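Below are the chains, spelled out letter by letter.
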Amino acid sequence: MVQMYTIAGRQIGSHYLAMGVLGLMGTLPFAFGGGSAAKKSQGPPINAQSPDEESFIKNFLAQAEE
């Protein structure tokens, strides 16, 4: 026998509730951006004193990534 629960005035079997919960837990990560597309991290902000210093830091980081 299956345990029956009354939800919104209807009798629902426990196995249907279990399948619904497992299905929901499997699809929620994809609904909230947990899919295969990984976002590239921006890193910390550059707090430079002048525009020349900021461009030097950006060029240095670009060369280091190559």
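Reading the values: the criteria
- Residues numbered from 1 in each chain as written.
- Predicted model: local features only at pLDDT ≥ 70, side-chain atom pairs only at ≥ 80, totals over all residues.
- Heavy atoms only, no water.
- Pairing = 2+ DSSP bridges.
- Helix = DSSP H or I, 4+ residues; strand = E, 2+ residues; numbered from the N terminus.
- Expected span 1.5 Å × (residues − 1).
- UniProt positions renumbered as here; feature names shortened; annotations may be inferred.
- Phe/Tyr/Trp six-rings, centres within 6.5 Å; stacked < 30°, edge-to-face > 60°.
- Buried < 20%, exposed > 50% of the residue type's maximum accessible area, 1.4 Å probe, protein only.

Trainee: Pulling in residues and values, what's your account of the pairing of strand β2 (residues 10-13)?
Mentor: Of the strand pairs in this sheet, strand β1 (residues 4-7) and β2 are connected by 4 bridges, and their pairing is antiparallel. Among the inter-strand pairings, Thr6 is bridged to a residue of β2, identified as Gln11. Counting the residues between successive antiparallel strands, the hairpin from β1 to β2 contains 2 residues, one of them, Ala8, with a positive phi of roughly 55 degrees.

Trainee: Tell me what's going on with helix α1 (residues 14-31), and back it up with residues and numbers.
Mentor: Residues lying three or four places apart along an α-helix face the same way, a consequence of the helix completing one turn every 3.6 residues. Spanning 18 residues, α1 covers 25 Å between terminal C-alpha atoms, matching the ideal 26 Å at 1.5 Å per step. Two residues or fewer past α1, Gly33 is found with a positive phi of approximately 85 degrees.

Trainee: Talk me through the UniProt feature "transmembrane region" (unreviewed entry) in the protein chain; I want residue IDs and the actual numbers.
Mentor: UniProt records the feature "transmembrane region" (unreviewed entry) for residues 12-32 in the present numbering. Taken as a whole, residues 12-32 contains 86% helix and 10% strand, while its terminal C-alpha atoms sit 28 Å from one another.

Trainee: Please give an account of the packing of aromatic side chains that cites residues and values.
Mentor: In this structure the tally under the stated criterion is 1 aromatic pair. With centroids separated by 6.5 Å and ring planes inclined at 25 degrees, the aromatic side chains of Phe56 and Phe60 adopt a geometry described as stacked. Of the two residues, Phe56 and Phe60 both sit in helix α2 (residues 51-65), 4 residues apart, roughly one turn of that helix. Residue Phe60 is classed as exposed on the basis of its relative accessible area of 52%.

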